Amino acid sequence: MKKVRDNFLFRMWLMLSALIVLALVGFIIGYIVLNGMKSISLDFLLSHPKGIPLGAEGGILPAIVGSLLLTLIACASASVLALATAVYVSFYCQSRQLETVVHVIVQCMAGVPSIVVGLFGYTFLVAKLNLGRSLLSAGLTLGVMIFPFIEVRAEKSLREFNRAILQSSYALGVSKVYTLLKLVLPQCKADIVAAVTLAGGFAMGAAAPIILTGAVIFAPIPRSLSSPVMALPFHLYILTGEGISLEKAYATALVLMVLIFAINIVSIALTFRRKEVGR
Amino acid sequence: MYRVFDRVFTQLVKILTICSLLTLVFVIIFIFKESVVFFKAVPVLRFISGRSWNPLLAADNLSILNIILGTLYVSLVAIVLALPIGVGSALLLAGYVKGQLRVVIRGIIDVLAGIPSVVYGFIGLLVLVKFFETTLGLSSGESVLAGGILLAVMVLPYIISTCHESMEKIYREHAPSSQALGVSRSYLLRKIILPESRRSILAATVLALGRAMGETMAVMMVIGNAPIPPRLFGKCQTIPSLIALEMGMAEVGSLHYHALFASGLVLMLMLLVINLILYFLKKNILLQ
Amino acid sequence: MNILELISLKAYYGNKQVLHGIDMVIRKNAITAVIGPSGCGKSTLLLTLNRMLEECGGRAEGEIIFDGKDFFAYPKEEVRKRIGIVFQKPTPFPLSIYRNLTYAPIYYGVRDKKRLKQIVESKLKVAGLYEEVQSDLHQSALQLSGGQQQRLCIARALTVEPEILLLDEPCSALDIKNTANIEQMLLRLARDYTIVIVTHNLAQAKRISDYTAFLLDGELVEYDETAKIFSRPEDQRTREYIEGIYG
């Protein structure tokens with residue numbers, strides 16, 4: 001009865017692995033939410049860090065604002081460039097070789113670990129270009145990090161557009177640009193926005209690239225692009241690493257996760273939204 | 001009317017594309033250049049085969065074999081733990097879960113991918129490391145194993161989604177004819193779907209390995225960061241954590257600074273090889 | 001009167017030659033049918049005449065005189081505007097019916113709402129679709145049936161006021177009723193437009209066309225008035241092809 005036993009073991013394996021995965025998700029979320037809820041309050045969200053060492057009391061308002069600004073800069077800088085590249089590769093590029101070169105470069109960049117991107121940002125943006133540890137340096141570094149992510153998804157979406165419909169549009173004597181703006185982009189808009197928001201989620205959660213390029217232990221809400229910023233992931237790292245306050249750390253982790261999930265939910269909603277016909 | 005606009009738009013797209021490609025190439029060359037300076041002082045082979053890392057001593061003491069081994073060890077532990085669980089879940093999803101439920105479960109798994117690595121590190125430190133110390137009675141819970149387990153959780157969603165996509169496709173192809181033969185579903189999964197998706201399992205492994213080796217924050221918080229030969233229950237150091245920890249201390253332009261770039265380059269080359277393998281695997285999967 | 005004159009026209013995909021020197025004239029305000037077995041180069045011929053061959057990765061050689069001037073010297077946008085094409089499979093844009101039809105006119109600079117509405121209505125009427133869709137011009141074109149979609153595509157091709165309309169097996173995916181609809185429409189259109197239709201269906205060629213060209217392996221075997229081709233073909237191969245299908 002080897003067969004029956006094998007089948008049984010096989011099923012056990014599948015059930016067990018799925019159970020482990022679901023248990024892990026449940027545990028991680030439950031752990032952060034339950035512990036974080038205890039020390040979160042409106043005051044925590046809306047006030048500056050206080051106490052000795054700094055952060056032991058008070059709130060995380062500058063970190064929340066800082067993280068949002070960093071994400072915004074990263075998304076803005078990366079998405080313009082990534083979209084242009086995706087459009088170029090899928091609509092204008094005539095040579096297969098050039099296409100492969102672009103893909104290899106983008107893949108290489110996707111393979112560069114975030115800390116090495118941070119290292120680049122530190123040396124080039126902060127030191128050589130003299131931008132200092134600032135909102136701008138950190139935002140751009142994050143932008144470099146999420147560029148490949150956006151490019152790959154945007155290109156995939158553009159390429160999935162029905163070729164026959166493109167041909168029909170060109171056959172009317174209409175230009176590529178008009179076709180792109182009136183037919184293709186309206187169709188791919190949801191996918192592209194979803195890719196950008198998802199990338200924004202990554203940028204917001206990333207600590208490694210900003211340790212050296214702009215995130216600091218304490219700063220007020222940034223006034224300009226050249227001021228240093230607080231960021232949620234870095235703040236969480238400092239609170240735990242330096243053993244400042246466990247309660248505040250739980251609460252910070254919860255805020256960070258809620259923000260990222262909010263972004264992800266927007267992205268998922270966009271992906272699933274039926275593409276309505278415009279009038 | 002549209003003619004002028006067309007031309008401007010087209011040129012804009014081209015210029016922006018050139019900008020982004022130049023930026024990417026520049027980043028890559030920049031890192032390369034900053035590392036090469038170090039290799040003028042210390043030969044490459046010496047750098048990757050020596051076992052001591054002490055930036056306060058002479059240049060000869062900057063070598064990263066232990067750190068490379070640490071990086072590989074932690075990542076391999078992660079893969080070994082994550083692969084069976086990931087493949088099992090993907091099979092279950094492809095074969096047994098249908099419709100809405102599948103979308104929901106995929107969403108839940110994607111949640112894992114969305115959690116920032118600092119949060120993983122935080123939980124790792126408070127739960128895993130503490131568990132090792134209190135329950136298992138180790139003197140220090142910060143270890144290769146802690147890093148490996150944490151990384152395993154982090155790479156799970158990547159493994160599951162890569163495997164699941166191709167398994168689902170294969171399942172849809174073969175399920176009708178297999179059902180027609182009256183064969184049980186688990187037999188189909190075991191005899192056809194699993195062997196047929198070995199390529200995508202390989203691709204998932206490579207992808208996960210790349211993720212694991214490049215991960216910084218989570219790993220850094222639970223491995224103890226000591227550049228000693230790694231043991232499963234001992235502390236170790238990985239290249240990303242080395243860079244993250246020491247970059248702030250190294251003066252720009254010093255040998256220490258260039259050594260950090262050099263280790264970044266070594267990591268990138270390892271990842272590059274891994275990513276190129278993945279690129280070609282993907283191409284082959286599409287060709288199939 | 002001749003609107004198009006093809007002189008030793010050749011077409012290639014990479015190294016593969018698909019058309020081996022076609023010489024023929026297309027007469028104005030007539031329906032010309034192009035028949036022949038699959039892979040004989042019928043579709044390639046149409047793509048060449050609309051300058052779409054380049055977009056599909058091919059290239060053309062030889063000479064074409066269009067309206068008294070060198071065809072290849074025109075900007076390709078102008079050629080495509082003046083020579084419309086409708087493909088085998090209906091390709092409605094994923095927009096509303098109304099916006100499918102205003103898509104090209106807006107590009108060519110028509111901004112006036114009234115004028116646009118007028119274009120939409122007149123072209124829908126020409127395509128015999130107006131009665132069926134007038135109640136909801138803003139519904140998605142994708143919700144139309146296959147036959148309606150194809151008529152919409154023909155109407156769309158007409159919105160840029162082409163002189164010649166090329167049709168690549170426009171009825172092959174449709175049932176008899178829709179086919180009949182489209183055939184009647186083409187007969188109506190022939191008063192104002194020059195029509196070149198590629199078809200598999202010999203009965204269809206016989207029913208609607210004034211001239212018929214028989215293509216085989218990228219060569220023009222015979223080209224004459226339809227009645228003559230179907231009753232007294234001169235070439236052995238034409239006779240075999242026509243009889244083979246009939247008998």
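On a predicted model such as this, the values are computed, not experimentally measured, just so you know. (Residues numbered from 1 in each chain as written. Chains lettered and ligands numbered in written order. Predicted model: local features only at pLDDT ≥ 70, side-chain atom pairs only at ≥ 80, totals over all residues. Heavy atoms only, no water.)

A. How the structure looks around the domain arrangement of chain A. Residue and element names in this part refer to chain A. Per the domain assignment, the segments of chain A are domain 1 (1-36) and domain 2 (42-278). The C-alpha centroid of domain 2 is placed 33 Å from the C-alpha centroid of domain 1. Across the boundary between the two partners, domain 1 contributes six residues, which contact five residues of domain 2. When the buried area of domain 1 at its contact with domain 2 is split by residue, I32, N35 and G36 rank highest and sum to 65% of it. (Domains from an automatic or database assignment. Contact = heavy atoms within 4.5 Å. Buried area = accessible area lost by both parts, 1.4 Å probe.)

B. Layout of the sheet that holds strand β10 (residues 219-225) of chain C. Residues and elements named next belong to chain C. Strand order across the open sheet formed by six strands is β6-β7-β8-β3-β9-β10, with mixed pairing between neighbours. Two strands close off the open sheet at either side, each with one partner strand: β6 (83-86) and β10. When strand polarity is set aside, the average angle formed by the axes of neighbouring strands in this sheet is 15°. The strands touched by helix α1 (residues 42-49) are β3 (31-35), β6, β7 (164-168), β8 (194-198) and β9 (211-216); relative to β7, the strand with the most contacts, the crossing angle is about 150°. (Pairing = 2+ DSSP bridges. Helix = DSSP H or I, 4+ residues; strand = E, 2+ residues; numbered from the N terminus. Axes fitted to C-alpha atoms, helices over the stretch in contact; angles between N-to-C directions.)

C. Inspection of the side chain of S89(B) at higher detail. Tracing the sequence through the fold places S89(B) in helix α3 (residues 65-95). For S89(B), a relative accessible area of 3% puts it in the buried group. A polar contact is formed between the side chain of S89(B) and the backbone oxygen of S17(A), at a distance of 3.5 Å. Dropping the residues within four chain positions of it, S89(B) is found in contact with S17(A), A18(A), V21(A) and I160(B). (Buried < 20%, exposed > 50% of the residue type's maximum accessible area, 1.4 Å probe, protein only. Polar contact = N/O pair within 3.5 Å; in protein donor to acceptor, adjacent residues only side chain to side chain.)

D. Summary view of the interface of chain C and chain A. On the side of chain A, 19 residues touch chain C, which itself brings 27 residues to the contact. Summed over both partners, the interface of chain C with chain A buries about 2,100 Å², with 65% contributed by carbon and sulfur atoms. Between the two partners, chain C and chain A, sit seven residue pairs in polar contact (both at pLDDT 80 or more). For the side of chain C that touches chain A, the secondary structure elements donating two or more residues are α2 (76-82), β6, α3 (97-107) and α6 (146-158) of chain C. The leading source of residues in the side of chain C that touches chain A is α3(C), at five residues. Taken together, the residues of the side of chain C that touches chain A sort by class into 16 nonpolar, five polar and six charged. (Nonpolar A, V, L, I, M, F, W, Y, C, P; charged D, E, K, R; others polar.)

E. Layout of the pattern of salt bridges. All names here are of chain C. Taken as a whole and judged by the stated rule, the model has 23 salt bridges over all chains. A salt bridge links R151 to E132; its shortest N-O distance comes to 3.0 Å. Of the two residues, R151 is situated in helix α6 and E132 in helix α5 (residues 130-133); the sequence distance between them amounts to 19 residues. For D224, the salt bridge is made with K228, and the minimal N-O distance between the two is 3.1 Å. Classification of D224 as partly exposed rests on a relative accessible area of 26%. Among the ionic contacts, a cluster of salt bridges with common partners joins D67, E78, R82 and E163. (Salt bridge = Lys/Arg side-chain N within 4 Å of Asp/Glu carboxyl O.)

F. A look at the packing of aromatic side chains. Applying the stated rule across the entire model yields 29 aromatic pairs over all chains. Consider the rings of F38(B) and F47(B), whose centres lie 4.9 Å apart with planes at 65°: the pair is edge-to-face. Relative accessible area serves as the criterion here: at 0%, F47(B) is assigned to the buried category. An aromatic cluster of at least three residues, connected via ring pairs, comprises F120(A), F124(A), F26(B), F30(B), Y257(B) and F261(B). Above the ring of Y108(C), the side-chain terminus of K81(C) is found at 5.0 Å from the ring centroid. (Phe/Tyr/Trp six-rings, centres within 6.5 Å; stacked < 30°, edge-to-face > 60°. Lys NZ or Arg CZ within 6 Å of the ring centre and 35° of its normal.)

G. Spotlight on the interface of chain B and chain A. With 79 residues of chain B at the contact, the number on the chain A side is 76 residues. Between chain B and chain A, a total of about 6,700 Å² is buried, with carbon and sulfur atoms accounting for 83% of that surface. Contact with chain A buries area across many residues of chain B, yet L24(B), F122(B) and R190(B) alone supply 9% of it, more than any other trio. Applying the counting rule to chain B against chain A returns two salt bridges. Between R190(B) and D6(A) there is a salt bridge whose closest N-O contact spans 4.0 Å. Our count for the contact surface shared by chain B and chain A stands at nine residue pairs in polar contact (both at pLDDT 80 or more). Take the side of chain B that touches chain A: its biggest share by element is 20 residues, from helix α1 (residues 2-41) of chain B.

H. Spotlight on the packing of helix α10 (residues 246-272) of chain A against helix α5 (residues 117-134) of chain B. Interhelical geometry of α10(A) versus α5(B) gives an angle of 145° and a closest axis separation of 10 Å. For the pair α10(A) and α5(B), the crossing hand works out as left-handed. The segment α10(A) lies against α5(B), with L246(A), A249(A), Y250(A), A253(A), L256(A) and M257(A) engaging V119(B), F122(B) and L126(B). Its residues assigned to classes, the contact of α10(A) with α5(B) shows nine nonpolar, no polar and no charged. (Left-handed = near helix turned anticlockwise from the far one by under 90°.)

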